[in-house]
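Chain and residue survey
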Amino acid sequence: MGLIDDKSIFTAMKQNGPFAVTDDLMLGDHISRQTRAWARLFANDRLLATKYRVVRAQILDFLDIESFDEIPALLADAQARAQRSERACMLLGSQFGIVGSTSEIRSKLKEYARTADAVIGQLTRKVLARYAMHVETSNEIETTHDPVDLLLRIFDSRFSVKARFEAKRKLVLMGLAGSIDQRERETDIENKFYAFLEFLNGNVWSQRHKIGHLESAYLLSRHDPESFRCLDVRVIDGAARTQLKELGEGEKLTLLKRRIFQDAGRDIPVYVSVRKKDSAAKVLKLLRKNEKNPAVAVDDELGLMAVLDSIGDVKRFVRHLTRAAIRSGSFMTLEDISDTLAGGEYHGKNVGSSGQTPMLKFFARMGGMRVELIIHTNQSYLNYLFQRDIAHDEYEVKRIFDSGVADFLFPNDIYNLDMVQIRQALLTQFRKRIEEAGRLHEHVI
């Protein structure tokens, strides 16, 4: 768990490090018994001491001051803060390659602040929804977007320890959001996503249907009582679905909205989910990877997941994609291929992932894009949704907790939450919700 141990590259965020936010707010360079005791805690760690000096210098440079002694005067002088804010705006604009006026740069910085808020919001709306009241961000921090104001609040004794920590956390997340935005502009990801959708609509899906045409199908499946692995599944239509009155023990009904592609004159249905990973999701991935460089950690900005009736249809779909690329004027190569649909174990690199997850996974390089494709059969997809220790909802919980992200964003000494107990409680909750049966309800996709 490098994110929260000695291998963490986010030194300034650690609550057991030199930049911990505590009730004992120490400003100034004068030597006291308290500061000597603080210094002894980190005296034997040369690397940590070097990192402290670097971050300290960055704070002073950013605020345009010579020592922490000047911070109280800066807090009391609105005009001086406004000048520092204007200066910081131009410096950050240059750092992240933002071209434009001061107002345009401020708009981008506000966008980074909203992404930082969205990271916390994403967790409190889903994985940590039961604990939202415990971890929600203080209003005073959530409504603050100016980096100078946020930095000064870390050193403002009028604010609670929780609010001061959240100001620091928001600045760190804003920095990651800025790096991601810069990377997206460099790689032109927005236009590539549009081009990928155009490729699918113009070359992959059946031209006999209008763009966006979907056909409903229902997967009626039976699951093992011990593992909840899918034992068998059959596709039924709307008429057969209306005749179902109640699901049996271990049965699930899943609605899919499917597109159509043609192969050798035959219509083949496929459920498809196409996504461009949003900025908040990318920030979380950087944290899970203990990485600040999105070019290194985020290799799946564009993605497509497909679900087909059989392994034979999976093979037809992959061949159809490569031929469609040729028709569009580009060669398609498949990279980093992993195929466990017919057996074998997937050796995933992500924390919390299971090697038992059957899938065909690869990256398709074409038209200047690199797109991650994950392809399932109906049976493997239902395992991905429902099987114990594999289900995606469980994976979401495991990767947030096992990577250290939960402890990193919501440290125990600030939020008073036992993340080990919460992890188990959430896994139990999601498992119960997945397996509940006895009445007819649909898992809608």
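For clarity, every value in this text was computed on a predicted model and none was experimentally measured. Counting restarts for each chain, with residues numbered from 1 along the sequence as it is written. Where local features are concerned, this predicted model is filtered to residues with pLDDT of at least 70; where side-chain atom pairs are given and counted, the filter is 80 or more; whole-chain, interface and lining totals use all residues. Only hydrogens and water are removed before side-chain values are computed, so all heavy atoms of the structure are retained for them.

Let's talk about the side chain of N378
We apply this condition: In DSSP terms, a helix is any run of H or I states spanning at least four residues, a strand is any run of E spanning at least two, and both are numbered starting from the N terminus. Pairs of N or O atoms within 3.5 Å make up the polar contacts considered here, provided that, within protein, one atom can donate a hydrogen while the other can accept it, and that residues adjacent in sequence are counted only when both atoms are side-chain atoms. By definition, residues are in contact when any of their heavy atoms lie within 4.5 Å.
Positionally, N378 belongs in helix α15 (residues 378-386). Looking at N378, its side chain comes within polar contact range of the side chain of D309, at 2.8 Å. N378 has contacts with L219, V233, V235, L256, R258, V307, L308 and D309, leaving out every residue within four places of it along the chain.

Considerations on the environment of T22
Spelled out, the test is: Exposure classes here rest on a 1.4 Å probe applied to the protein chains alone. A residue is buried below 20% of its type maximum, exposed above 50%, and partly exposed in between.
Among the structural elements, T22 can be located in the segment before α1 (33-42). Assessed through its relative accessible area of 32%, T22 is described here as partly exposed. In this structure, the C-alpha to C-alpha distance between T22 and D413, residues 391 residues apart in sequence, is 9.2 Å.

Observations concerning helix α10 (residues 189-204)
Stated precisely, the cut-off is as follows: What a helix is expected to span follows from its residue count: subtract one and scale by 1.5 Å. This arc corresponds to the set of directions leading from the helix axis out to the C-beta atoms.
In this model α10 runs 21 Å from its N-terminal to its C-terminal C-alpha over 16 residues, within 8% of the 22 Å that 1.5 Å per residue would give. Among the residues of α10, those classed as buried are I189, F193, F196, F199, L200 and V204. End-on, the buried residues of α10 take up no more than an arc of 115°, which puts them together on one face.

Some points on unusual backbone geometry
Not every positive phi belongs to a glycine, and A264 is a case in point at roughly 55°. The residue A264 is located in the loop between β3 (251-263) and β4 (266-276) in this model. In the Ramachandran plot, N416 falls in the positive-phi region, its phi being about 55° despite a non-glycine side chain. Considering the arrangement of structural elements, one finds N416 in the loop between α18 (412-415) and α19 (419-435). On the basis of relative accessible area, N416 is assigned to the exposed category, the value being 61%.

A look at the nonpolar core
The criterion, for reference: For our purposes a nonpolar core is just a set of buried Ala, Val, Leu, Ile, Met, Phe, Trp, Tyr and Cys residues, chained together by side-chain atoms within 4.5 Å.
In this structure, L63, L128, F401, L409, F410 and L426 are the most contacted members of the largest nonpolar core, which totals 73 residues. Among the elements that make up this core, the one with the highest residue count is helix α9 (residues 161-187) (10 residues). If you look at the next biggest cluster of nonpolar residues, it comprises 31 residues, including W205, F317, V318 and L321.

Concerning α15
In terms of residue burial, α15 counts as a mostly covered element, since eight of its nine residues are buried. Residues of α15 that are buried include every one of N378, S380, Y381, L382, N383, Y384, L385 and F386, and no others.

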